[in-house]
Amino acid sequence: MIRIQARTEPSSIMKLVSPILAIALTLIFGCILFSAIGKSPAQALHVLLIAPLADSYNIGEMFVKMGPLLLCAVGLSLCYRANMWNIGAEGQLLAGALGGSAMALYFIDSESALALPITLLAGMVSGMLWSAIPTFLKLRFNSNLILTTIMFNYIALYLLIWAVHGPLRDPQGFGFPESAMFADSTLLPTLFESSRIHLGIVFAIISAFIAWFILSKSHLGFQIRVFGADEPAARYAGFSSKKLSWFVMLFAGALAGLAGISETTGPIGQLVPNVSPGYGYSAIIVAYLGRLHPLGAIIAAMFMAVLYMGGDLAQIEMGIPVAVVSMFQGVLLFFLLACDFFINNRLAFSNQATN
Amino acid sequence: MDSELIVQILFAAVKTGTPLLFIALGEVICEKSGVLNLGQEGMMLMGAVVGFLAAYGTGSAGLGVLSAMLMGCVMSLIFAVLVLHLGANQVATGLALTIFGTGLSAFIGSGVVGQTIQGFQPIAIPLLSDIPFIGKILFSHDILVYASFAMTFVLMFVVNKTRIGLTLKAVGENPHAANAIGIKVLRVRYLAVMFGGMMAGISGAYMSLVYTPMWVENMTAGRGWIALALVVFASWRVGRIMLGAYLFGLASIMHLVLQGLGWSISPNLLAMLPYVATVVVMVIISADKFKEKLLAPRSLGKTFDPRQMA
Amino acid sequence: MKKHNLVSRLELTNITKQYPGCLANDNICMTLMPGEIHALLGENGAGKSTLVKTIYGVVAPDKGDIIWDGKEVSITSPSIARDLGIGMVFQHFSLFETLTVSQNIELCLSKAQLDKIGDLAKRITHLSNEYGLNVNPTRYVHSLSIGERQRVEIMRCLVQSVKLLILDEPTSVLTPQEVAGLFGVLRTLSKEGCSILFISHKLHEVTEICHKATILRGGKVVDTCIPNSETPASIAKMMVGDLAEQDAGYIKREGSKQIFHVKNLSLPAKQPFGTTLQNINLELKAGEILGIAGVAGNGQDELMAIISGEDDRNVKKSLSLDNLDIGHLHAGERRKLGMAYVPEERLGRGAVPEMSLMENTLLTHSNGFVKNGLVEWKNIKEYTSALIAKYKVKCHGEFSEAKSLSGGNLQKFIMGREIGQNPKVLICAHPTWGVDVGAALAIHQALLALRDQGAAILLISEDIDELFLLADRMAAVCDGHLSPLVKTETTNIDQIGQWMAGTFINKLSNHPQEAKA
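Predicted model, so just to flag it, every value in this text is computed and none were measured.

Asker: Help me out: how do you make sense of the overall build of chain C in this one?
Answerer: Assigned secondary structure in chain C consists of 18 helices and 23 strands. Each of the three principal axes of chain C carries a C-alpha extent, and together these read 75 × 55 × 40 Å. Within chain C, counting contacts between residues at least 6 apart in sequence, those at least 24 apart form 68% of the total.

Asker: Hey, could you run me through the overall build of chain A in this one?
Answerer: When you go through chain A residue by residue, the secondary structure sums to 13 helices and 2 strands. For a compact globule of 355 residues, the expected C-alpha radius of gyration is about 20 Å, and chain A comes in at 22 Å, within 12% of that figure. Taken over the C-alpha atoms alone, chain A extends approximately 80 × 60 × 35 Å along its principal axes. Here the contacts in chain A between residues at least 6 apart in sequence split such that 78% fall between residues at least 24 apart.

Asker: I would appreciate a short explanation of helix H17 (residues 493-500) of chain C in the present structure.
Answerer: Along an α-helix, residues three or four positions apart point the same way, because every turn accommodates 3.6 residues. All names here are of chain C. Taken together, the buried positions of H17 are occupied by Ile-496, Trp-499 and Met-500. Angular distribution of buried residues about the axis of H17 spans 105°; they occupy a single face of the element. For H17, the elements touching its buried residues are strand E13 (289-293), helix H16 (464-470) and strand E21 (473-478).

Asker: I keep staring at the domain arrangement of chain C and nothing clicks. Help me out?
Answerer: It is common to give the size of an interface as the accessible area lost on bringing the parts into contact. Residue and element names in this part refer to chain C. Per the domain assignment, the segments making up chain C are domain 1 (10-240) and domain 2 (258-516). Distance between the C-alpha centres of domain 1 and domain 2: 33 Å. The interface is formed by 12 residues belonging to domain 1 together with 12 residues belonging to domain 2. Residue composition of the side of domain 1 that touches domain 2, by class: 5 nonpolar, 5 polar and 2 charged.

Asker: So what exactly am I meant to see when it comes to the interface of chain A and chain B here?
Answerer: The partner chain B presents 41 residues to the 38 residues of chain A that form the contact. Counting residues per element, the ones that place at least two in the side of chain A that touches chain B are helix H5 (115-141), helix H6 (145-165), helix H11 (279-289) and helix H13 (324-344) of chain A. A total of 13 residues in the side of chain A that touches chain B trace back to one element, the largest contributor, which is H13(A). When grouped by side-chain class, the residues that make up the side of chain A that touches chain B number 28 nonpolar, 9 polar and 1 charged.

Asker: Even after reading the chapter, I still don't get the interface of chain C and chain B, so can you show me in this structure?
Answerer: Taken together, the contacts link 20 residues of chain C with 15 residues of chain B. Elements with a minimum of two residues in the side of chain C that touches chain B: helix H2 (78-84) and helix H3 (101-106) of chain C. Considering only residue class, the side of chain C that touches chain B consists of 9 nonpolar, 7 polar and 4 charged.

Asker: Would you mind showing me how to read the packing of helix H7 (residues 163-173) of chain B against helix H9 (residues 185-211) of chain B here?
Answerer: Two numbers describe a pair of packed helices, the interaxial angle and the distance between the axes. Residue and element names in this part refer to chain B. One way to put it is that H7 packs onto H9 with a least axis distance of 10 Å and a crossing angle of 110°. Considering the angle they form, H7 stands roughly perpendicular to H9. Here H7 contributes Thr-167, Leu-168 and Val-171 to the contact with H9, which in turn contributes Val-185, Val-188, Arg-189 and Ala-192. The residue inventory of the contact of H7 with H9, partitioned by class, reads 5 nonpolar, 1 polar and 1 charged.

Asker: Help me understand unusual backbone geometry, please; the structure alone is not making it clear to me.
Answerer: Trans is the prevailing form of peptide bonds, just as negative phi is the prevailing case for residues other than glycine. Unusually for a residue other than glycine, Ala221(B) sits at a positive phi of about 50°. Note that Ala221(B) resides in the loop between H9 and helix H10 (223-233). With a phi angle near 50°, Asp479(C) is a residue other than glycine that sits in the positive phi range.

Asker: Explain the environment of Ala229(A) to me, please; I cannot follow it from the model alone.
Answerer: Summarising the element assignment, Ala229(A) is placed in helix H8 (residues 219-229). On a C-alpha basis, the gap between Ala229(A) and Asn83(A) in space is 8.0 Å, while along the polypeptide they are 146 residues apart. Discounting residues that sit within four places of it in the chain, Ala229(A) has contacts with Val352(C), Glu354(C) and Met355(C).

Asker: So what exactly am I meant to see when it comes to the UniProt feature "domain: ABC transporter" (unreviewed entry) in chain C here?
Answerer: Under the local residue numbering, the UniProt record ascribes the feature "domain: ABC transporter" (unreviewed entry) to residues 10-243 and 260-504 of chain C. Along residues 260-504 of chain C the backbone is 33% helical and 22% strand, and the end-to-end C-alpha distance reaches 24 Å.

Asker: Is there a simple way to explain the sheet that holds strand E12 (residues 277-285) of chain C in this structure?
Answerer: In a beta sheet, neighbouring strands are held together by backbone hydrogen bonds and run either parallel or antiparallel to one another. Residue and element names in this part refer to chain C. With respect to topology, 4 strands assemble into an open sheet ordered E12-E11-E14-E15, the strand pairing being antiparallel. Across the chains shown, the open sheet's two edge strands, defined by having one partner strand only, are E12 and strand E15 (324-325). In terms of strand pairing, strand E11 (residues 258-267) meets strand E14 (residues 319-321) through 3 bridges, oriented antiparallel. Residue pairing for E14: His-261 is matched across the bridge by Ser-320.

Asker: Could you clarify how one ought to interpret the nonpolar core in this entry?
Answerer: Across soluble globular proteins, nonpolar side chains have a tendency to be buried as a group. Within the largest apolar cluster, 379 residues are counted, with the highest numbers of intra-cluster contacts made by Cys72(A), Ala73(A) and Leu230(B). Each of domain 1 (10-240) and domain 2 (258-516) of chain C gives at least three residues to this core. The residues contacting Ala73(A), other than those within four sequence positions of it, are Ala283(A), Val286(A), Ala287(A), Gly290(A), Ala297(A), Ala300(A) and Ala301(A).

Asker: Looking at this model, I keep getting lost on the environment of Tyr140(C). Mind explaining?
Answerer: Residue and element names in this part refer to chain C. Considering the arrangement of structural elements, one finds Tyr-140 in the loop between helix H5 (120-131) and helix H6 (146-159). Take Tyr-140: there are 15 C-beta atoms within 10 Å of it, and that puts it in the partly exposed class. Placed 203 residues apart in sequence, Tyr-140 and Pro-343 show a C-alpha to C-alpha distance of 30 Å.

Asker: Which parts of the structure should I look at to understand the sheet that holds strand E10 (residues 220-225) of chain C?
Answerer: All names here are of chain C. On the basis of which strands lie adjacent, the open sheet formed by 6 strands has the order E6-E7-E8-E3-E9-E10 and mixed pairing. Pairing within the sheet leaves two strands with one partner each, and these edge strands are strand E6 (86-89) and E10. Direction aside, the axes of adjacent strands within the sheet are offset by 20° on average. Bridge analysis of strand E9 (residues 212-217) against E10 gives 5 bridges, and the strand direction is antiparallel. Its bridge partner lying in E10, Ile-215 is registered against Asp-223. Sheet strands touched by helix H1 (residues 48-55): strand E3 (37-41), E6, strand E7 (164-168), strand E8 (195-200) and E9. Its angle to E7, the strand with the most contacts, is close to 150°. Running at roughly 175° to E6, H6 makes contact with E6 and E7 of the sheet.

Asker: Just checking my understanding: could you explain the environment of Ser105(B) for this structure?
Answerer: Residues and elements named next belong to chain B. With respect to the helices, strands and loops of the structure, Ser-105 is situated in helix H4 (residues 90-109). Sequence separation between Ser-105 and Val-50 is 55 residues; the distance between their C-alpha atoms is 7.9 Å. Those residues in contact with Ser-105, other than ones at most four positions away along the chain, are Leu-45, Met-46, Ala-48 and Val-49.

Rules used in this analysis
- Residues numbered from 1 in each chain as written.
- Chains lettered and ligands numbered in written order.
- Predicted model: local features only at pLDDT ≥ 70, side-chain atom pairs only at ≥ 80, totals over all residues.
- Helix = DSSP H or I, 4+ residues; strand = E, 2+ residues; numbered from the N terminus.
- Contact = placed C-beta atoms within 7 Å.
- Rg over C-alpha atoms; globule rule 2.2 N^0.38 Å.
- Buried ≥ 20, exposed ≤ 12 C-beta atoms within 10 Å, placed from the backbone.
- Arc of directions from axis to C-beta.
- Domains from an automatic or database assignment.
- Nonpolar A, V, L, I, M, F, W, Y, C, P; charged D, E, K, R; others polar.
- Axes fitted to C-alpha atoms, helices over the stretch in contact; angles between N-to-C directions.
- Parallel < 35°, antiparallel > 145°, perpendicular 65-115°, else oblique.
- UniProt positions renumbered as here; feature names shortened; annotations may be inferred.
- Pairing = 2+ DSSP bridges.
- Core = buried A, V, L, I, M, F, W, Y, C linked by C-beta atoms within 7 Å.

This is the structure we're talking about:
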């Protein structure tokens, strides 16, 4: 018979195998689901996984989607490492898009070389502001970070919608809730001709390496890790929880803000109500799938971007609702959490029945 | 403002507060057992879509509510297995449940977006509804609102006066001690989590069968999250949840009030109001750290493994 | 002891329980007669707790039989054990603080038992008077003292007419006076025919009250004896095997200059059910060990947290180091000034369980290992391996995770890490709790060596014997009050015991100047 037994030491192999296993199980789940609604599983998998990487244009689009996912996920990895349950990447991304776009519109007639850096900075500062408020409320008033960051996601969304209907609406835009198109001086340069890949993905990968360096090489990163692994030990050692909380939250806010402004100054080119198809929420999954490791997040973000692309293609080619992406994300995290059980436990096979 | 308008506003506050009441009652029971389920939003959406589909297909709103309850239970069972049996992190699992529910509900509801059905009709309770003021506000609603009244009082009794309530509190405070004196901790927690799922299901059904009544993607608009804040606001006391739900209901229909007063503010800014109110309330309630620690279930959010004895 | 009944109350045969990496119980056999008070002895980790949890149905044995009143039974849950008439008082109480005494007791009873009892509160009051337990059914448990809580646990068992009462280290949390009261209750129960299984490692208590003793070592029964006809020393030998006894008696010292002060420190409890500190005054001299006795939960944790800065409330004027106020500094700054701490909780506070020993070195010892904000892992590695060698920490090297070490080895590591920073003041809580004899000896010697180098040591412990062994001066805490400080040679267990029970408190408030004397 098979029994479940606690391992004496957690399995480091299982820590790496678990995400791969979870992805495999999610794909199997997908096949069953598609069969159930009468679609060919092989075709569906092709559309979801292979087609997004089939030609150079699609690969470019994949990187376009990967940028904001990775930026948000890197920040969240650091937050979760420090046990700061920041669910507010989406709001911080929207705040970054809003604040940065306001700056871009200010530069609408400018050709200054500083216009773009200042615009990006404005986006980062807006994102930081949006993460600073819940952080302050938590540290000063002990309010629940999960709930306040979620609430600030909704508040940011309505603020953005209000802005594109009101103060930031394009006066020549026939009343559409959109801003004017940004000037070239505030648009992110693309990396290649004939592709929409822009500097955003470079920012994202650099940020992942910076976060990795901080976590593994610096004393600050060590303190973050201790704080997340064992809070009483961190307090015993005299690490300042306030300083660490501020650091990870502002870092995450800045990156999410950068993700937001990189979207509006990158592929979109103006401020629109639907800046993000839930990148901030998906980034939570990316962070987990990457084992809360900034470099792991790079691979996880790539997978998630493929899934996003696949979702779009599945809607266009097979008429499958795009919501399937978010469902797969949920299932993926379920499987990941379930597989993680075997990091600390194993199956013991024995042919001797116990009484 | 004339009294007629006040009555209308308070009537609407009760109606708007009812889904919050249902879901927060479920969550408070779940949290009292020591389990934090952040999947409320996902369970509620699933309840809404399944309730709507069942009612749309069969023409019976009652069957809609039953299916929604069942769906809520099934959703919470996924959460329960991961968290209780596999020891997964409650926060992460709850988030996964919400993301999953959001996607799945949009997926299976895509065919009926914009369809309408005949939901529950208001039933004025004889005699009670004739009471001036109160009668119109409280006793001229549909059957689910009355069910939420009944549920509140039943739960107040069960939690405060019965052995079931005692067991629930014991498990939430100290699962190791409860295990040591022979209480089946995991069984209690399974039941509490599933009760929470069932209530989230009803709450969703209320949205799609009574409140709107129709199905739109993401129609719960964060009510599942507000319910979590409501539990904190109520300091884990059942009676206070009712009060809190109606106050939040009032906050979400503030635009009606302001229009009544003749103010003109952008509806997009007014739409923020419930969320801003939630943040403000949480800041006020949680500021007293000492008190919150005293009132919150002591083991809330912590994994309990019966194989490890403390 | 009753003799008319020849059927044993409880008989265990070949009880075996395997945990991952540890054989907790290895073919254990023992017998208990009605009315017998039976001691279960052994060092920490000998398998006592596992065995009694098996009897109470909390742990399922892999092998072996339990015979109850002559019949073989299978005890798969505590409720079955209770139905048989087995009651247990846990070492860490299984009480619910937010419920009343009566509700706590109700939770342990089945519906049928409750119906039989009728009015539970009345029954509690009746039993309370009969046995002198002094338990009020309507009080909330969080308002009770440790001793009172233990009596609630005993009451829980009495309410269901218990035939076998299991007590897991019941006296470790009591003042000497409370212990005497507990023994009175146990003797009454024994006369009425109730068997008692008594886990302890305090040998004089065992010789005082127990009729029989079973000694466990490494999960096996190594000996049985009649405690009456043995001495504590001879039993100790059976417990630890052939290890040389440690009782050398160390030299006492007088400290030199005063280095650390706590002045008029009063502080409300930060946690619900915590202790409020009441006007604490103490001064610590360089080159001395000041011992603080007291039953757990009388303010030791709060005192340590405020001294270390883990409790971050500003008490600027109340703490000073070398005539410098430090009560407003945060914990890291205090460490830099020469404070070091060995906490009670080794794993999870003193060391991060999932981190390597190298990382755990860096936890508190960053001086010289961090340059420009970057960690110099190579230097830490060398330092850690030297630390492991110096204190003979048994592990697989500096990459071992802290949680893979035994309690004693981890404590040696933590002690070495803190001492390695050459602290001016070391605050040390329960340094040898749950540690085997060899490690305890090493830890004692490390502490004495540090003292002789001129450091001031504040030693907080529940083990009075250890305090008398190590401390140069002593005091006791009770309910957030600190007793006067006295030289160890000029006091005795009786006086410290009375102070632990708080007899000094009224005198202090009448003559506040005595506190400084």
